[in-house]
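In case you want the letters, here they are:
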Amino acid sequence: MAVSIRINVKADFLCQADVTKPATTTGIWGDATGETTFEWRIALTKNGAAVGTLSATASERSADTGRYYTTFDKADLTTALTAYVGRIVYIILAKSGDLDGLWWPALVVDEQAGS
């Protein structure tokens, strides 16, 4: 599996995704705005529980509706993921009862080249 996302345990990590859903009245797909129960987590499997404390409520960007994000702190990443350096983990966006299984594979690293 090709993996383009890297989680560096020595730096904060931003999770961010654009979410769409059909409008209730028209059925036309558009930005999912005003959602308050989306959760980001980093897990060892595609549908697994968060590793350590790597779970957080997603916030919607005020200037970019439908874009949900959270930032995981370096200290939490170091504690939870150092043992998994070199392994693939999964970044998951979920909403209880409505959305589960939206995930991105990521390689855990402890260094990163600049660009």
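Higher on the page you've got the structure.
Residues numbered from 1 in each chain as written. Predicted model: local features only at pLDDT ≥ 70, side-chain atom pairs only at ≥ 80, totals over all residues. Heavy atoms only, no water.

A.B. asks: Provide a residue-level description of the environment of V9, including the pertinent values.
C.D. replies: Along the chain, the position of V9 falls in the loop between strand 1 (5–8) and strand 2 (13–18). In this structure the C-alpha to C-alpha distance between V9 and T78, which are 69 residues apart in sequence, comes to 4.8 Å. Sequence-distant contacts of V9, defined by excluding residues within four places in its chain, comprise K74, L77, T78, L81, T82, V85, V108, V109 and D110. (Helix = DSSP H or I, 4+ residues; strand = E, 2+ residues; numbered from the N terminus. Contact = heavy atoms within 4.5 Å.)

A.B. asks: Which residues make up the sheet that holds strand 8 (residues 67–72), and what values do they have?
C.D. replies: As summarised here, the arrangement of the 3 strands in space is 2-8-7, forming an open sheet in which the pairing is antiparallel. Edge strands, defined here as strands with exactly one partner in the open sheet, are strand 2 and strand 7 (59–60). Sheet topology places strand 7 next to strand 8; 2 bridges connect them, and they run antiparallel. Counted as the bridge partner of E60 is Y68 from strand 8. (Pairing = 2+ DSSP bridges.)

A.B. asks: Residue-level account of the environment of C15, with values.
C.D. replies: Relative to the helices and strands, C15 resides in strand 2. Its relative accessible area of 2% is what places C15 among the buried residues. C-alpha separation for the pair C15 and D76, spaced 61 residues apart in sequence, amounts to 14 Å. Leaving out residues up to four positions away in the same chain, C15 has contacts with W40, Y68, Y69, T70, F72 and I91. (Buried < 20%, exposed > 50% of the residue type's maximum accessible area, 1.4 Å probe, protein only.)

Everything listed here is a matter of geometry and, on its own, says nothing about what the molecule does.
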